[in-house]
Number of protein chains: 2
Amino acid sequence: MDNDIHYRMFSQTVEYALRAVVWLAQHPGKPLTRQQIAGATQAPADYLAKVMRALGQAGVVQAGRGVHGGFMLARSSDAISVLEVVNAVDPIRRIHSCPLDLPSHSLRLCPLHRKLDDAVAQIEAALGSTRLSDLTGEGGQVRPLCEAAQIVRGAASP
Amino acid sequence: MDNDIHYRMFSQTVEYALRAVVWLAQHPGKPLTRQQIAGATQAPADYLAKVMRALGQAGVVQAGRGVHGGFMLARSSDAISVLEVVNAVDPIRRIHSCPLDLPSHSLRLCPLHRKLDDAVAQIEAALGSTRLSDLTGEGGQVRPLCEAAQIVRGAASP
DNA sequence: GGAGTTATGGATAATGATATCCACTATCGG
DNA sequence: CCGATAGTGGATATCATTATCCATAACTCC
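Within each chain, residues carry numbers counting from 1 in the order of the written sequence. Chains carry letters from A onward and ligands carry numbers from 1 onward, assigned in written order. Under the rules for a predicted model, residues below a pLDDT of 70 receive no local features and side-chain atom pairs below 80 are neither given nor counted, while totals for whole chains, interfaces and linings still include all residues. Calculated side-chain values reflect all of the structure's heavy atoms, with hydrogen atoms and water omitted.

What about the pattern of salt bridges?
Residues and elements named next belong to chain A.
Here is step 1: The term salt bridge refers to a pairing of a side-chain nitrogen on Lys or Arg with a carboxyl oxygen on Asp or Glu at a separation within 4 Å. All chains considered together, the criterion is met by twelve salt bridges over all chains.
Here is step 2: Between Asp 46 and Arg 34 there is a salt bridge, with its nearest N and O atoms 3.8 Å apart. Of the two residues, Asp 46 is situated in helix H3 (residues 45-57) and Arg 34 in helix H2 (residues 34-41); the sequence distance between them amounts to twelve residues.
Here is step 3: Residue Asp 46 is classed as exposed on the basis of its relative accessible area of 66%.
Here is step 4: One connected set of salt bridges, linked through shared partners, spans Arg 94, Asp 117 and Glu 124. Helical segments are the DSSP runs of H or I of at least four residues, strand segments are the runs of E of at least two, and each set is numbered from the N terminus. Here the term buried applies to any residue with accessible area under 20% of the maximum for its type, exposed to any over 50%, and partly exposed to those in between, with areas from a 1.4 Å probe on protein chains only.

Side note on the pairing of strand S1 (residues 61-64) of chain A
Residue and element names in this part refer to chain A.
Here is step 1: One requirement defines pairing of two strands: DSSP has to find at least two bridges between them. Across four bridges, S1 lies against strand S2 (residues 70-73) in antiparallel orientation. Note that in S2 the partner of Ala 63 across the bridge is Phe 71.
Here is step 2: The loop that links S1 with its antiparallel partner S2 comprises five residues; one of these, Gly 66, has a positive phi angle of about 75°.

Concerning the packing of aromatic side chains
All names here are of chain A.
Here is step 1: When the centres of two rings from Phe, Tyr and Trp lie within 6.5 Å, Trp using its six-membered ring, the rings pair. Their planes under 30 degrees apart give stacked, over 60 give edge-to-face, and anything left gives tilted. Under the criterion given, the structure shown has two aromatic pairs over all chains.
Here is step 2: For the ring pair Tyr 16 and Tyr 47, a centre distance of 6.1 Å and an interplane angle of 70° mean the geometry is edge-to-face. Of this pair, Tyr 16 sits in helix H1 (residues 12-26) while Tyr 47 sits in helix H3, placing them 31 residues apart in sequence.
Here is step 3: Look at Tyr 47 and you get partly exposed, because its relative accessible area is 32%.

Re unusual backbone geometry
Excluding glycine, residues mostly carry a negative phi; peptide bonds, for their part, are mostly trans.
Here is step 1: In this model, Gln42(A) sits at a positive phi of 60°, which is unusual for a non-glycine residue.
Here is step 2: Of note, Gln42(A) is situated in the loop between H2 and H3.

Quick look at the nonpolar core
Here is step 1: Joining through side-chain atoms within 4.5 Å is the link that ties buried Ala, Val, Leu, Ile, Met, Phe, Trp, Tyr and Cys residues into a set, and such a set is a nonpolar core. Ranked by size, the top nonpolar core spans 92 residues in total, and within it Leu55(A) and Leu55(B) carry the most contacts.
Here is step 2: Each residue touching Leu55(B), except ones within four places of it in the same chain, is listed here: Ala17(B), Val21(B), Val60(B), Val61(B), Val85(B), Ala88(B) and Val89(B). Throughout, a residue-residue contact means that at least one pair of heavy atoms, one from each residue, lies within 4.5 Å.

Considering helix H1 (residues 12-26) of chain B
Here is step 1: Working rule for helices: expected span equals 1.5 Å times residues minus one. Taking 1.5 Å as the rise per residue, H1(B) with 15 residues should run 21 Å; its terminal C-alpha atoms sit 21 Å apart, in good agreement.
Here is step 2: The buried fraction of H1(B) amounts to 14 of the 15 residues, a majority that puts the element mostly inside the structure.

Considering the packing of helix H5 (residues 111-128) of chain A against H1(B)
Here is step 1: Packing of H5(A) against H1(B) brings their axes to within 11 Å, and their N-to-C directions diverge by 140°. It follows that H5(A) is oblique to H1(B) by the angle criterion. For the pair H5(A) and H1(B), the sense of crossing is right-handed. On H1(B), the residues that touch Leu112(A), His113(A) and Leu116(A) of H5(A) are Glu15(B), Leu18(B), Arg19(B) and Val22(B).
Here is step 2: Partitioned by chemical class, the residues of the contact of H5(A) with H1(B) number four nonpolar, one polar and two charged. Note on definitions: angles span 0 to 180 degrees between N-to-C directions of axes, and those axes are lines fitted to C-alpha atoms, for helices only across the stretch in contact. Comment on the angle field: the value is read as roughly parallel under 35 degrees, roughly antiparallel over 145, roughly perpendicular from 65 to 115, and oblique elsewhere. Note on convention: the crossing is left-handed when the near helix lies turned anticlockwise from the far helix by less than a right angle, right-handed when the turn is clockwise. Put simply, Ala, Val, Leu, Ile, Met, Phe, Trp, Tyr, Cys and Pro go in the nonpolar bin, Asp, Glu, Lys and Arg in the charged bin, and everything else, Gly too, in the polar bin.

A word on the confidence of the model for chain A
Here is step 1: For chain A, per-residue confidence averages 82 on the pLDDT scale, and residues scoring 70 or more make up 75% of the total.
Here is step 2: Low pLDDT (under 50) marks residues 150-158 of chain A, which in the prediction has five contacts with non-local residues, meaning those over four places away or in another chain. Within a predicted model, pLDDT stands for the predictor's per-residue confidence, ranging from 0 to 100.

Overview of the side chain of Thr13(A)
Residue and element names in this part refer to chain A.
Here is step 1: One can find Thr 13 in helix H1.
Here is step 2: Residue classification places Thr 13 among the buried residues on the basis of a relative accessible area of 9%.
Here is step 3: The definition of a polar contact used here is a pair of N or O atoms within 3.5 Å, where within protein one atom must be able to donate a hydrogen and the other to accept one, and adjacent residues in sequence count solely through side-chain atom pairs. For Thr 13, the side chain forms a polar contact with the side chain of Tyr 47, separated by 2.8 Å.

Points about the environment of Arg93(A)
Here is step 1: Here Arg93(A) is to be found in the loop between helix H4 (82-89) and H5.
Here is step 2: In the structure, Arg93(A) is positioned 80 residues away from Thr13(A) in sequence and 15 Å away in space, judged by C-alpha atoms.

Regarding the packing of helix H4 (residues 82-89) of chain B against helix H5 (residues 111-128) of chain B
Residue and element names in this part refer to chain B.
Here is step 1: Contact geometry for H4 and H5: axes closest at 6 Å, N-to-C directions at 120°. The angle between H4 and H5 falls in the class oblique. Of H5, the residues touching H4 (which contributes Val 82, Leu 83 and Val 86) are Glu 124, Leu 127 and Gly 128.
Here is step 2: Along the lines of polarity and charge, the residues of the contact of H4 with H5 split into four nonpolar, one polar and one charged.

Considering H4(B)
Here is step 1: With six of its eight residues buried, H4(B) lies for the most part within the structure.
Here is step 2: Within H4(B), burial applies to Val82(B), Leu83(B), Val85(B), Val86(B), Ala88(B) and Val89(B).

Overview of the environment of Leu83(B)
Residue and element names in this part refer to chain B.
Here is step 1: As for its position among the elements, Leu 83 is in helix H4.
Here is step 2: Residues Leu 83 and Ala 125, 42 residues apart in the sequence, show an inter-C-alpha distance of 8.3 Å.
Here is step 3: Those residues in contact with Leu 83 that sit more than four places away from it in its chain are Ile 92, Glu 124, Leu 127 and Gly 128.

Structure representation (structure tokens):
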């Protein structure tokens, strides 16, 4: 409201979750550990533990413990939508009733909240129709999350 | 991420700001005081002071002090977009560069962040094309923010 | 000009999201 | 079985948002 960077349409938690599952989608086959994912996606490893747990409980990823443990997508990357990932960690909240703090008699929203809910619905639809496979480049070919991430990988693993 | 209600696509501050300007749009002519707006829109009066100040600095509302003071829209309600109100208090942040914490060499976003930014752009467009007059009912006729708000007004002012 | 009213601006407190840390459990390889 | 590895779960710290409070400035009416 006043000075510098803060407001985000998507929470930091959602950011981490999406980076993680995209990275997993780009590296199928063997499980990746939390440390590996954290390193690649520039997420704090300790916090990522919580995020991954939420993804596991939601059935988006499959976790394995022990020496060859780590995380894999629970299904193929074209069977998981971005919306599912978002909802696993920070559910998108549609506006079903008037947010004024009253028992909602109203079944219909006022023009303002109808507009806002329409906007949320748009997002929901956009995320729901996007699959993880849409974000990994065609043919399972490995693509970096961003150009910048590619640079990091190059620098970190000579 | 775990148990109950939290995540919102729009911040509480944005909610208050929008309720306030919609209420102002529905009551043109004379200025409304912070207390009046707070009462009608169920917003905490003290916090609303800050929100209104931000709206004033952004040129969305016009403030007057003293005995017949209060707030009025700075322009007519069909000359103010919802986006302008949102940006006045909690600017929508487009994703211009990779959020990974590196100097952004990359001019192009990766598929993930392109998708996310597209979603944000959709919201921006939807809010930008909606005017306050679109939210007040046709012909300047007074409509409540929500059905619930109408009930409150009825109960509060017999 | 004085009294009362109302926004302004800053300081401070409470709340929720984010981040860190540690003990525990499951799994694998010997 | 033993030790090492890696996820699980909970406790705690940090930080931004939200909320409250107070002193001050501007304005109206008398």
